[in-house]
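Here is how the chains run, residue by residue.
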Amino acid sequence: MPKRKPRLAVWKFASCDGCQLSLLDCEDELLALADAVHIAQFTEASSAVEDGPFDLSLVEGSITTARDAERIGEVRRQSKYLVTIGACATAGGIQALRNFADVREYVAAVYAVPAYIETLATSTPIAGHVPVDFELHGCPINKVQLLEVISAFLAGRKPAVAAHSVCIDCKLRGTVCVMVQGIPCLGPVTHAGCGAICPAFRRGCYGCYGPMESPNTAALAREWRSLGASARDLKRAFRSFNAAAPPFVSESEAHGD
Amino acid sequence: MATRTIRVDLLTRVEGEGALDLQVIDGQVASVQLNIFEPPRLFEALLRGRSYAETPDIVARICGICPIAYQMSAVHAIENAFGIAVEGPLRALRRLIYCGEWIESHALHVVMLHAPDFLGFPDAIQMAREHGEAVRSGLALKKAGNELMRAIGGREIHPVNVKAGGFYRAPSRAQLAPVEQSLARARELAVGLVRWVAGFRFPPFERDYEFVALRHPDEYPIDQGRLVSNRGIDIDIADYETQFEERQVAHSTALHSAVRRRGAYLVGPLARYALNFDRLPASVQTLASQSGLGAVCRNPFQSIVVRALEIVYACEEALRLIAAYEPPPLAALPLAPRAGTGFGCTEAPRGICWHRYDFDAEGTIRAVRIVPPTSQNQPSIEADLAAVAAPIVDQSDEFLRNSCEQAIRNHDPCISCAAHFLKLSVHRT
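Residues numbered from 1 in each chain as written. Chains lettered and ligands numbered in written order. Predicted model: local features only at pLDDT ≥ 70, side-chain atom pairs only at ≥ 80, totals over all residues.

Take the overall build of chain A next. Each helix and strand in chain A was counted, giving 11 helices and five strands. Taken against the 2.2 N^0.38 rule, which gives 18 Å for 257 residues, the C-alpha radius of gyration of chain A at 19 Å falls within 12% of a compact globule. When the 257 residues of chain A are sorted by exposure, 54% land in the buried category. (Helix = DSSP H or I, 4+ residues; strand = E, 2+ residues; numbered from the N terminus. Rg over C-alpha atoms; globule rule 2.2 N^0.38 Å. Buried ≥ 20, exposed ≤ 12 C-beta atoms within 10 Å, placed from the backbone.)

Printed below as a string of structure tokens:
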């Protein structure tokens with residue numbers, strides 16, 4: 001009897017669709033992947049929508065509505081493994097800037113009739129609601145890492161995804177440090193995975209992969225100040241695509257209102 | 001009165017989440033509503049207090065499929081507010097990376113999302129079992145578009161190299177050379193794609209749209225031009241708000257756009273093509289006429305052919321730009337922030353993407369308004385649905401549902417962008 005193919009599902013919450021697009025962006029691997037797994041649910045790509053259970057669920061997006069807070073519970077119940085893909089699902093995304101503001105005022109700034117809009121006061125990562133088996137960082141995720149994570153979970157092993165900082169990747173790439181050229185950079189505290197692109201383009205890393213393991217954000221903030229960055233610059237830098245990641249929340253709060 | 005209810009929980013093969021509500025009373029379509037329940041991310045609120053310098057990176061996150069559209073409309077608006085204009089090789093580079101986004105986004109929609117409708121498959125992966133060559137060509141095209149975006153932008157989703165004034169680092173000619181080779185092959189694949197989709201069976205359906213697109217004195221519009229329509233609009237992009245309004249409706253987190261005192265209009269490939277056919281190179285015009293299209297196409301189902309033609313155009317335009325490219329002396333023009341308002345409007349793959357920013361003297365955003373293509377098209381999509389559903393309301397629920405979903409996909413809606421989209425339910429009374 002042929003072996004049953006593992007069942008894969010892709011889910012979307014509040015997000016830009018970019019991380020699930022990364023799967024469709026695997027142009028050379030997509031058809032092979034579709035042979036290796038059964039894509040049971042991926043509404044952005046297919047009208048064939050099947051019920052669970054699923055062996056692996058990839059979850060994009062953050063939780064910003066009461067309905068989505070219930071829906072993620074249902075996804076978890078139907079999934080053997082649940083992996084978050086991207087900064088929204090892992091750290092709340094750029095929409096988590098509302099966590100530092102009054103969401104009613106935010107809604108009123110965009111909509112003439114705020115009462116029609118149902119939204120929570122916060123944008124929160126998936127792990128704030130249900131147990132998560134692995135978090136893949138990045139805004140957007142790296143598609144090579146995504147394929148590694150899918151392969152690892154289907155093989156029952158740990159994904160080989162480095163947790164060091166962007167700095168290591170700059171060294172591996174042979175990029176001259178931009179900080180020593182006077183450009184403020186979040187690379188020393190940011191999780192690797194992007195391939196250290198920004199410094200290679202002569203700009204500072206802007207932290208879209210979120211905090212690395214145990215980042216020394218305070219020391220980096222002092223370096224930024226010595227390069228002329230203001231408290232407002234620092235606050236803005238730590239409050240972007242991973243605004244709800246705890247190390248970035250606390251560092252942003254250290255730099256004024 | 002007989003009652004019949006059909007429900008589809010989630011519209012598929014679109015970017016983002018929404019539903020459709022169709023009311024049928026005594027065999028007549030009484031009302032159609034697209035329900036966009038994509039959770040709002042409130043970009044226009046969260047951008048306030050941010051620096052102009054951060055803006056291209058933040059607005060990219062509105063859409064993973066068309067980040068360049070948001071980045072380009074934003075940088076044009078910033079430069080407009082600060083009183084500079086980016087021309088020459090820097091502008092050519094902008095148009096070049098935008099060609100990459102058109103190729104990538106259109107190839108995704110034509111082959112992966114839209115073609116399965118015409119051939120009766122749930123997705124491109126199933127379709128590949130019978131149409132393997134077409135799917136592989138589509139993926140190769142998409143890959144070529146992504147390569148171009150990566151060569152200039154660093155990565156295809158949320159490129160890192162775009163800034164107000166130009167770029168962080170301009171590519172060398174040598175860095176563009178490998179892309180030139182894949183684009184030459186992509187151009188041939190795109191011609192094949194046009195011929196393949198032109199052979200699909202299209203329902204005999206036309207609507208008299210008011211088309212709205214950019215128009216440039218001598219180019220097919222991507223990044224610059226005046227806003228024009230086939231009913232007399234011809235304005236500077238700064239005057240958009242005098243001619244167009246956004247209305248909020250209870251059933252959608254997307255705002256609906258309308259021409260003031262007139263109503264629904266259509267942006268995107270059909271509009272660009274109808275208003276700018278004379279700006280297409282002879283090679284693309286000839287291919288269009290060989291595909292059975294005139295200078296105007298009012299059948300939204302044939303938008304798939306127009307998108308494929310635009311891929312050919314984008315490949316040719318990119319090849320032209322690369323052949324003429326000389327690296328600019330500076331990767332970006334210097335900018336001096338000043339208080340004021342700036343406007344930007346460029347042609348996203350799905351249609352015009354309009355931005356307005358108010359800055360203080362330091363270049364911090366005080367107020368912002370962003371009008372994405374899908375919220376502009378939503379009223380026209382609803383009107384299409386009513387017209388598509390009317391003659392077939394007596395057919396099976398499944399046929400009705402599939403026809404409606406296809407009518408929505410005709411416009412390549414990007415719901416993630418618009419929320420500020422689709423479950424299908426049909427209520428028959």
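So, about the nonpolar core. By size, the foremost hydrophobic cluster in this structure holds 211 residues, and its most contacted members are I103(B), L148(B), A190(B), L193(B), A308(B), L309(B) and I311(B). If one sorts the elements of this core by residue count, helix α4 (residues 88-119) of chain B sits on top with 14 residues. Two domains share this core, each providing at least three of its residues, namely domain 1 (7-155) and domain 2 (166-253) of chain A. Once you skip the residues sitting within four places of it in the chain, L193(B) turns out to touch V110(B), S137(B), G138(B), L141(B), A308(B) and I311(B). (Core = buried A, V, L, I, M, F, W, Y, C linked by C-beta atoms within 7 Å. Domains from an automatic or database assignment. Contact = placed C-beta atoms within 7 Å.)

Residue and element names in this part refer to chain B. Relative to strand β3 (residues 28-36), strand β2 (residues 18-25) runs antiparallel, the two sharing eight bridges. Within β3, the residue paired with I25 across the bridge is Q28. Here β2 folds back onto β3 in antiparallel fashion, the turn holding two residues, of which D26 has a positive phi close to 50°. (Pairing = 2+ DSSP bridges.)

All names here are of chain A. The domain architecture assigned to chain A consists of domain 1 (7-155) and domain 2 (166-253). Of note, the centres of domain 1 and domain 2, computed from C-alpha atoms alone, are 25 Å apart. At the junction of the two partners, domain 1 supplies 18 residues and domain 2 supplies 13 residues. With three residues, the top contributor of residues to the side of domain 1 that touches domain 2 is helix α4 (residues 87-91). Among the residues forming the side of domain 1 that touches domain 2, the class breakdown is eight nonpolar, 10 polar and no charged. (Nonpolar A, V, L, I, M, F, W, Y, C, P; charged D, E, K, R; others polar.)

Another aspect to go through is helix α12 (residues 373-389) of chain B. Since the α-helix packs 3.6 residues into each turn, any two residues three or four apart lie on the same face. Residue and element names in this part refer to chain B. Spanning 17 residues, α12 covers 24 Å between terminal C-alpha atoms, matching the ideal 24 Å at 1.5 Å per step. At P379, α12 is deflected by roughly 35°, the largest bend along its length. Burial of α12 is extensive: 14 of the 17 residues sit out of reach of the surface. (Expected span 1.5 Å × (residues − 1). Bend = angle between axes of the 7 residues up to and from the residue.)

The next thing to look at is the sheet that holds strand β6 (residues 212-215) of chain B. Residue and element names in this part refer to chain B. Strands sit in the order β6-β7-β8 across an open sheet of three strands; the sheet is antiparallel. The sheet terminates laterally at β6 and β8 (234-235), the two strands that pair on one side only. Inspection of the sheet shows strand β7 (residues 226-229) paired to β8 by two bridges, in the antiparallel sense. Bridging from a neighbouring strand, V228 pairs with D234 of β8. Contacts from helix α9 (residues 269-276) reach β6 and β7 within the one sheet, and its direction differs from that of β6 by about 50°. (Axes fitted to C-alpha atoms, helices over the stretch in contact; angles between N-to-C directions.)

So, on to the interface of chain B and chain A. On the chain A side, the residues contacting the 48 residues of chain B number 50 residues. Elements with a minimum of two residues in the side of chain B that touches chain A: α1 (43-46), α2 (55-60), α4 and α6 (132-153) of chain B. The element best represented in the side of chain B that touches chain A is α6(B), accounting for five residues. Among the residues forming the side of chain B that touches chain A, the class breakdown is 21 nonpolar, 12 polar and 15 charged.

Once that is clear, we can look at the packing of α4(B) against helix α11 (residues 303-324) of chain B. Residue and element names in this part refer to chain B. The interhelical angle for the contact between α4 and α11, taken along N-to-C directions, is 155°, at an axis separation of 9 Å. Between α4 and α11, the interaxial angle falls into the category roughly antiparallel. Crossing handedness for the pair α4 and α11: left-handed. Contacts between α4 and α11 involve A92, R95, L96, C99, W102, I103, H106, A107, H109, V110, H114 and A115 from the former and I304, R307, A308, E310, I311, A314, C315, E317, A318, L321, I322 and A324 from the latter. Taken together, the residues that form the contact of α4 with α11 break down as 17 nonpolar, three polar and four charged. (Parallel < 35°, antiparallel > 145°, perpendicular 65-115°, else oblique. Left-handed = near helix turned anticlockwise from the far one by under 90°.)

This brings us to the sheet that holds strand β5 (residues 134-136) of chain A. Note on sheets: strands pair through backbone hydrogen bonds, and any given pair is parallel or antiparallel. Residues and elements named next belong to chain A. Read from one edge to the other, the open sheet built from five strands follows the order β2-β1-β3-β4-β5, with strand pairing classed as parallel. The open sheet has two edge strands with one neighbour each: β2 (38-42) and β5. Each strand of the sheet is rotated relative to its neighbour by a mean of 20°, with strand direction disregarded. Looking at chain direction, strand β1 (residues 7-12) and strand β3 (residues 54-60) are connected through five bridges and run parallel. Paired with K12 across the two strands is E60, which belongs to β3.

This next bit is on the environment of V107(A). Within the secondary structure, V107(A) is located in helix α5 (residues 103-110). Linking V107(A) and I117(A), residues 10 residues apart in sequence, is a C-alpha distance of 7.5 Å. Filtering out sequence-adjacent residues up to four positions away, V107(A) remains in contact with P114(A), I117(A), T119(A) and L42(B).

Residue and element names in this part refer to chain B. Following both chains from N to C, one finds α4 and α6 inclined at 155°, their axes separated by 8 Å at the closest point. Classified by the angle between their axes, α4 and α6 sit roughly antiparallel to one another. Both α4 and α6 take part in a crossing whose hand is left-handed. When grouped by side-chain class, the residues that make up the contact of α4 with α6 number 17 nonpolar, five polar and three charged.

So, about the pairing of β1(A). Residue and element names in this part refer to chain A. Extensive coverage of β1 is indicated by the burial of six of its six residues. Along β1, one buried face is formed by R7, A9 and W11 and the opposite face, lined by L8, V10 and K12, is buried too. Note that β1 and β2 share four bridges and pair parallel. Bridging from a neighbouring strand, A9 pairs with Q41 of β2.

Now for the environment of T64(A). Here T64(A) shows up in the loop between β3 and α3 (66-78). According to the C-beta neighbour criterion, T64(A) is buried, with 29 such atoms within 10 Å. Once the C-alpha coordinates of T64(A) and F13(A) are considered, the two residues, 51 residues apart in sequence, prove to be 8.2 Å apart. Apart from the residues lying within four places of it in its own chain, the contact partners of T64(A) are A14(A), Q95(A), T119(A), L120(A), S123(A) and P39(B).

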